[in-house]
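Residues per chain, in single letters:
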Amino acid sequence: MKITVFTALILTLASPTLACETVTSGEMTIENAWSRATIGANRPAVFYVAITNAGSSGDALIGIATPAASMPMLHQTVVTEDIASMPHAMSIPIAAGQSVQLAPGGYHGMLMGLTEALKVGDNFPMTLTFQNAGDITINVEVLSIRAEGPDCESDGQ
Amino acid sequence: MRIRRAVILGIGGVAGAAAFALGLGGWRTRNRSQSGADLLPLPFADMSFSLTDQRGNMVRPEDWIGRPTMVFFGFTWCPDVCPTTLSDISGWLEELGTDADRLNVAMITVDPERDTTEVLGDYLSHFDPRIIGLTGTLEEIERAASGFRARFEKLARDDDYTMNHTAGVFLFRSDGGFASIIDYHEDRRFAVPKIRRAIG
Ligand SMILES: [Cu+2]
């Protein structure tokens, strides 16, 4: 019953469309690219995505770029002794055969210098640069400021 | 209260940014080997601060005695931790239903420079309307943090600054005594029963 309530809440907050797109390039698969709406363009926005490395050698996400923001960077939220901080992540390792999530409360793209405020339903391209796989671009869907992620489980499971 | 300079070792060090700490509520001057009870949040009756909510009302800790209360520290310029916490809390309140109407729920900003009452009102309008946002002078926010044994610090970052802060959500019983802490991003299966226990 509680799960039903939770699912219903998520469904109202996230639309199962663009954020559920998958981009595959070589051994690398990128999906669930989403962001949260911002209030104005002065605050930084956020970027979340799931990355899977199906290859037999490790890779690393070393940078992100988007026309939506002049200063995008990789961060990692860390909670140490109950203090939350978000240091820069110079490189996010994607080990062979592993998936890594940029997700609330962990790794995230921090989009400083927004070109304009992000509104629910907007989308913008994001180019992810990998050490070995090179550049891969995906569309990012802007969900509600309250969203905890897109609902992409509808097919298959 | 005097502003202290301090650095939290091992936190934020990756950025290599010069850390300059704001008041840390006296927490840091305490010897950590002292008894744990010493580090528990004070009851509201022993706290002392005066802040303003997003509607312009003055709020003091004694105002919260009589109802169970949920408080956390944050700032609206952070796109990751704070929306996640607010979204978690909104979900808990929804699950608690009308029981949640009996709760005081407050976010205290650790970034009063940017989080004015107007900014807080704008931001919180996207979340559960029962959540109030509190701001005030840095001194009053330090006094509040001190009572909760919470910490925050300002870090220079990329021509701008960010805030490190206590991430847990504090729960108090209706008598104003500290009940428990919900850890950052704690699973709702644990969070909601903790709130029910504090409601009593
Ligand atoms: Cu960040």
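Residues numbered from 1 in each chain as written. Chains lettered and ligands numbered in written order. Predicted model: local features only at pLDDT ≥ 70, side-chain atom pairs only at ≥ 80, totals over all residues. Heavy atoms only, no water.

Caption draft 1: Molecular detail of the packing of aromatic side chains. All names here are of chain B. Enumeration over the complete set of coordinates arrives at 12 aromatic pairs over all chains. With centroids separated by 6.4 Å and ring planes inclined at 40°, the aromatic side chains of phenylalanine 49 and phenylalanine 148 adopt a geometry described as tilted. Highlighted residues: phenylalanine 49 in the loop between β1 (19–20) and β2 (51–53) and phenylalanine 148 in helix α3 (residues 138–148), separated in sequence by 99 residues. The buried category is assigned to phenylalanine 49, whose relative accessible area is 3%. By relative accessible area, which is 0% here, phenylalanine 148 ends up buried. Centre to centre, the rings of phenylalanine 172 and phenylalanine 178 are 5.8 Å apart; their planes meet at 70°, and the pair counts as edge-to-face. Here phenylalanine 172 and phenylalanine 178 have matching classes, each one buried. Arginine 114 extends its terminal NZ or CZ atom over the ring of tyrosine 161, reaching a point 3.9 Å from the ring centre. (Phe/Tyr/Trp six-rings, centres within 6.5 Å; stacked < 30°, edge-to-face > 60°. Helix = DSSP H or I, 4+ residues; strand = E, 2+ residues; numbered from the N terminus. Buried < 20%, exposed > 50% of the residue type's maximum accessible area, 1.4 Å probe, protein only. Lys NZ or Arg CZ within 6 Å of the ring centre and 35° of its normal.)

Caption draft 2: Looking closely at the coordination of the copper ion. Distances from the copper ion to its protein donors, namely His75 of chain A (ND1), Met86 of chain A (SD), His108 of chain A (NE2) and Met110 of chain A (SD), fall within the range 2.1 to 2.4 Å. Every donor counted, the four donor atoms about the copper ion form angles of 95 to 118° at the centre, which fits tetrahedral coordination. (Donors = N, O, S within 2.8 Å, 3.2 Å for Na, K, Ca; no water. Tetrahedral: all angles 85-135°; square planar, octahedral: opposite > 155°, others 65-115°.)

Caption draft 3: Seen up close, the environment of phenylalanine 127 of chain B. Looking at where phenylalanine 127 of chain B falls in the secondary structure, it is placed in the loop between α2 (117–124) and β6 (131–135). Taking relative accessible area as the criterion, phenylalanine 127 of chain B reaches 5% and is therefore assigned buried. With residues near it in sequence (within four places) discarded, phenylalanine 127 of chain B still touches Ile145 and Arg146 of chain A together with Pro83, Leu86, Ser87 and Ser90 of chain B. (Contact = heavy atoms within 4.5 Å.)

Caption draft 4: View of the pattern of salt bridges. In this structure the tally under the stated criterion is 11 salt bridges over all chains. We note a salt bridge from arginine 146 of chain A to glutamate 94 of chain B, for which the minimum N-O separation is 3.5 Å. On the criterion of chain membership, the pair formed by arginine 146 of chain A in the segment after β12 (134–143) and glutamate 94 of chain B in helix α1 (residues 81–96) is interchain, its members lying in two chains. Between arginine 130 of chain B and aspartate 101 of chain B there is a salt bridge, and its shortest N-O distance comes to 2.7 Å. Of this pair, arginine 130 of chain B sits in the loop between α2 and β6 while aspartate 101 of chain B sits in the loop between α1 and β5 (104–109); the two residues are 29 residues apart in sequence, bridging distant segments of the chain. In this structure, a network of salt bridges that share partners links the residues Asp101, Asp128 and Arg130 of chain B. (Salt bridge = Lys/Arg side-chain N within 4 Å of Asp/Glu carboxyl O.)

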